[in-house]
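# Architecture and fold: a report
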Amino acid sequence: MTVVIHHNPVCGTSSNVLAIIEASGETPVVISYLDTGWTCPRLLTLFAALG
């Protein structure tokens, strides 16, 4: 399983979650959504994953 985090580097909660993921030994795929923005296909993929 690949861990993906949509990260906001200026958000303390997001930074804490990223640190927890990394401390667990995982190397997550980090998407800086402030730089890349949200696209309709990306949102639909996320919604589908949530069920």
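Scope of this entry: the structure provided in the associated data block.

Conventions adopted
- Every chain's residues receive numbers from 1 upward, in the order its sequence appears when written.
- In keeping with the predicted nature of the model, local features appear solely for residues at pLDDT of at least 70, side-chain atom pairs appear and are counted solely at 80 or more, and the whole-chain, interface and lining totals rest on all residues.
- The side-chain quantities take in all heavy atoms of the structure and omit both hydrogens and water.
- The secondary structure listing takes helices from DSSP runs of H or I that are at least 4 residues long and strands from runs of E that are at least 2 residues long, numbered from the N terminus.
- Buried means the residue's accessible area, taken with a 1.4 Å probe over protein chains only, is under 20% of the maximum for its type, while exposed means over 50%, and partly exposed covers the values in between.
- The contact criterion used throughout is that any non-hydrogen atoms of two residues lie within 4.5 Å.
- Each accessible area is a Shrake-Rupley estimate made with a 1.4 Å probe; only the visible protein chains count as cover when residues are assessed.
- Two strands qualify as a pair provided that DSSP identifies no fewer than 2 bridges between them.
- The path from the first strand over the helix to the second decides the hand: if it runs clockwise while the strands point away from the viewer, the crossover is right-handed.

### Some remarks on the overall build of the protein
Across its full length, the protein carries three helices and two strands. From first element to last, N terminus to C terminus, the protein shows the α and β order β-α-β-α-α. Judged by the C-alpha coordinates and their principal axes, the protein covers about 30 × 25 × 15 Å. Here the protein holds 51 residues, and the buried ones make up 20% of them. A separation of at least 24 residues holds for 45% of the contacts in the protein among residues at least 6 apart in sequence. For the protein, the exposed surface amounts to about 3,800 Å²; the carbon and sulfur share of it is 64%.

### Section: the pairing of strand 1 (residues 4-7)
Burial along strand 1 is one-sided: Ile5 and His7 are buried, while Val4 and His6, pointing the other way, are not. Relative to strand 2 (residues 29-32), strand 1 runs parallel, the two sharing four bridges. Its bridge partner lying in strand 2, His6 is registered against Ile31. In this fold, strand 1 hands off to helix 1 (residues 12-23), which returns the chain to strand 2; that crossover is right-handed.

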